[in-house]
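This is what each chain is made of:
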Amino acid sequence: MDRAREARMGWALVAPALLWLTAFFVLPFAIMVGLSLSRFVGREVVPALSLDNYIRFFTEPSLFRGLVVSLEITAMVTVVSVVLAYPLAWIIAFQVPRNWQRLVLVLTILPFWTSYVVRSYAWLLVLGQGGVVNGALMGLGVIDAPLSLSATRFATVTGFVHFFVMLLTLTIYANLVQLSPNYARAAADLGAGRFATFRHVILPLTLPGVMTGAFLTFVLCMGDYITPQILGGGNELTLPQLIMMQLGRRGDFPMASAMAIILMAVVTLAYLACARFLRLERV
Amino acid sequence: MPRFPSSLRLTALASTALVALGAAPAAADSLNALVWCDNTDPDLIRPFEEEHGVRVNLREYEGTAAGLAILDQSRPGDWDVMVIDAVDVHRVAERGLLAPLPADELPLGDFFPDLVMEDLNAIDGEFVAVTQKYGYNTVSFNRANVDAEAMEDLSSLFSGDHDGRIAIYDYYLPVLGMLALNAGIDTADLDLEALETLREPLMDLRARARQVSEVVAAQTALAVGEVDIVFGGGEWLTAVLAEENPDLDWTIPEQGAVLWAQSIAVLADSANPDLALEFVKYISSPEGQARLATSSCYWGMPANAAAGEILTDDQRAVLRWDEQEDFLTRVQRYPVPDADLDAAMQDLWTDMLQN
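Predicted model only: the values in this text are computed from it and were never measured.

*Asks:* Got a minute to help me understand the pairing of strand S2 (residues 55-60) of chain B in this structure?
*Replies:* Residue and element names in this part refer to chain B. Sheet analysis places strand S1 (residues 30-35) next to S2, joined by 6 bridges and oriented parallel. Considered in S2, the bridge of Ala33 is made with Leu58. Crossover handedness for the path S1 to helix H2 (residues 42-52) to S2: right-handed.

*Asks:* Mind showing me how you'd approach the interface of chain B and chain A here?
*Replies:* As a measure of interface size, the accessible area lost when the parts come together is often cited. In this assembly, 47 residues from chain B lie in contact with 41 residues from chain A. Overall, the association of chain B and chain A removes approximately 3,500 Å² of surface from exposure, summing both partners, and the carbon and sulfur fraction of that is 52%. Broken down residue by residue, the surface that chain B buries against chain A is led by Arg210, Gln346 and Gln354 of chain B, which jointly contribute 18%. Our count for the chain B to chain A interface comes out at 4 salt bridges. For the salt bridge of Arg250 of chain A with Asp347 of chain B, the shortest nitrogen-to-oxygen distance reads 2.5 Å. One can count 17 residue pairs in polar contact (both at pLDDT 80 or more) joining chain B with chain A. Looking at the side of chain B that touches chain A, the elements that each hand over two or more residues are helix H1 (6-20), helix H3 (64-72), strand S8 (209-213), helix H9 (215-223) and helix H15 (339-354) of chain B. Here the side of chain B that touches chain A gets 10 residues from one element, more than from any other, and that element is H15 of chain B. The residue makeup of the side of chain B that touches chain A, split by class, is 22 nonpolar, 11 polar and 14 charged.

*Asks:* What is the right way to look at the domain arrangement of chain B in this model?
*Replies:* All names here are of chain B. When its domains are assigned, chain B resolves into domain 1 (21-134 + 260-326) and domain 2 (135-259 + 332-354). Between the C-alpha centres of domain 1 and domain 2 the distance comes to 26 Å. Between domain 1 and domain 2, the buried area comes to about 1,600 Å², and carbon and sulfur atoms account for 55% of it. The largest per-residue losses of area from domain 1 upon contact with domain 2 belong to Val87, Trp260 and Arg320, which jointly make up 40% of the total buried on that side. Our enumeration of links across domain 1 and domain 2 arrives at 2 salt bridges. The shortest N-O distance in the salt bridge between Asp119 and Arg333 comes to 2.6 Å. The tally of links between domain 1 and domain 2 comes to 5 residue pairs in polar contact (both at pLDDT 80 or more). Among the elements of the structure, helix H6 (118-121) and strand S11 (257-266) are those that each provide at least two residues to the side of domain 1 that touches domain 2.

*Asks:* What is the right way to read a negative patch on the surface from this model?
*Replies:* All names here are of chain B. On the surface, Asp147, Glu149, Glu152 and Glu254 cluster together to form a negatively charged patch. Mapped onto the secondary structure, Glu254 falls in the loop between strand S10 (248-251) and S11. Overall, the relative accessible area of 60% leaves Glu254 in the exposed class.

*Asks:* In this structure, what is going on with H2 of chain B? I would like to understand it.
*Replies:* Think of an α-helix as turning once every 3.6 residues; residues three or four places apart then point the same way. Residues and elements named next belong to chain B. Listing the buried residues of H2 in full gives Leu44, Ile45, Phe48 and Glu49. Across the axial projection of H2, the buried residues extend over an arc of 115 degrees, all falling on one side. Turned more than 90 degrees off the buried face of H2, the exposed positions are Glu50 and Glu51. Each element contacted by the buried residues of H2 is listed here: S1, S2, helix H11 (273-284) and helix H12 (286-293).

*Asks:* Sorry if this is basic, but what is going on with the pattern of salt bridges here?
*Replies:* When the charged atoms of two side chains lie near each other, side chains of opposite charge can form a pair. Considering all chains together, one arrives at 27 salt bridges over all chains under this definition. Across the pair Arg43 of chain A and Asp342 of chain B runs a salt bridge, and its minimum N-O distance is 3.8 Å. Remark: Asp342 of chain B occurs in helix H15 and Arg43 of chain A occurs in the loop between strand S1 (39-41) and strand S2 (44-46); the pair is interchain, linking two chains. With a relative accessible area of 22%, Arg43 of chain A lands in the partly exposed category.

The rules behind each value
- Residues numbered from 1 in each chain as written.
- Chains lettered and ligands numbered in written order.
- Predicted model: local features only at pLDDT ≥ 70, side-chain atom pairs only at ≥ 80, totals over all residues.
- Heavy atoms only, no water.
- Pairing = 2+ DSSP bridges.
- Helix = DSSP H or I, 4+ residues; strand = E, 2+ residues; numbered from the N terminus.
- Right-handed = clockwise from strand over helix to strand, strands pointing away.
- Contact = heavy atoms within 4.5 Å.
- Buried area = accessible area lost by both parts, 1.4 Å probe.
- Salt bridge = Lys/Arg side-chain N within 4 Å of Asp/Glu carboxyl O.
- Polar contact = N/O pair within 3.5 Å; in protein donor to acceptor, adjacent residues only side chain to side chain.
- Nonpolar A, V, L, I, M, F, W, Y, C, P; charged D, E, K, R; others polar.
- Domains from an automatic or database assignment.
- Patch = residues over 30% accessible without salt bridge, like charges linked within 9 Å, V, L, I, M, F, W, Y side chains within 5 Å.
- Areas by Shrake-Rupley, 256 points an atom, 1.4 Å probe, with all protein chains shown as cover.
- Lys, Arg positive; Asp, Glu negative; His and termini not counted.
- Charge placed at Lys NZ, Arg CZ, Asp CG, Glu CD.
- Buried < 20%, exposed > 50% of the residue type's maximum accessible area, 1.4 Å probe, protein only.
- Arc of directions from axis to C-beta.

So this is what it looks like as structure tokens:
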């Protein structure tokens, strides 16, 4: 096959993917960028090349706070989810007999099969003043009066963590089971205790799985609208909630587009940081 | 209608066309309706489908801006009918989106006179929409935990007795309208200057409230005892829960409350205008009105008084049928802000939510 024909074949093979990306990513993204530079005057979108929406976002405290709240919640969720998911994945990978691991994994991800909205409302009831948590704490005599758990940031973080622990468990488990037991044996031969083996051998080798899961958690959590809307009680607004307000109530597509691009920029920065940390230039 | 740059229009059109390649064209024996959740109740829709041998495709939306965005992104003829806030009918009609309705074919004579709302539903004397349901944004409360008499006075919410036990309904127009009434300002007189005077009471109310919630979350909070009062609530919030918990009640305080009303219209570029009109006639009929009034999503008073003959005594009692005459004299309509006032209201609302 000559080179020209090879090149044509290459383009032909890549064309469907290029077409798909152009139609469903590049074009919509270009439209969004164009809209974000437009102005919203009265109730009309006026074409323009203006950075007003971006300036307004960063100078208006109630809007900028949405980004801060989103970052705070996402950081909490990511850290708590990793801390909970790692031991769970470890137990499944190394403590559960191999024959049972598949079943245990299925049980771990069972909540994935229920509706996200229903699950959030269920948490609202669980964390309510007459809910399971308050009931148990009062029954045990830990508290005298019910705690305000629902309609708080705690409730939002809890709802998120419940979901993302499942996701992280899967990614970390996939990493752990690929580790050859010889690494641990070699470390032991060199005199390392169990903690030192974990600290200096296992953990670094499983970091790619942890970081991948943490990045997925970050992306999904930053962009989620439903959980904070249902569980947060409207006591603070995340960036996606603010975007929805611009769309649903104001019809301010330019501002919503600017906010969406800022959200995308934050996620991109997180990805670059993640890739740099893992030295995954080729990812 | 939002005006996008022509290049953006082209790219949007191209993207839409690509998506549309796989989409089936609208069938002649189906009706596409852009509605609020109460209009999606199968018990309401099925009788119409059976009678006309058609399928009604429903798309639920909230907020006029969201509805207009859906219309902007749709092809002409995609939608046949639309449910809309009565106070926003002119806003939509001015864009040329609504078709005239033959008033003589609608049972307007049976409507509660205050609910015909010709000034909202008609343009230059020609009806382009018809009221389908109404109710009040007022105060919902749990009678078991709150003194019902105290709820007759809005100022009791600021007394400190209910701090941490209040939910604010997450919709700026009725809540600001009620705060205006509490401050002695008519909703029709709400302007930028008057709005600024509402900042302090709004923030004060926010400080006393446990949460700011949309319909389902507010309902849940009241039903499970998270809060005792929903400011901005009404029969639409508690009526559907009345059977399970008769203590959940609502009242119109002495300062008054805000009247909400929703209308239904036929879209000007409907592909099935005759069927669309039949649907509007069905929804406006006593049978359709009774079913809509007791929709599983939320209850509300039917605009057509003849529906009272179909509703049961219990249903009428929950809707406070016999008190409507008095209620209607004590309420004011939603504020109808222009673009600037609307933006200022929403800015204030966002400040309230973020502080």
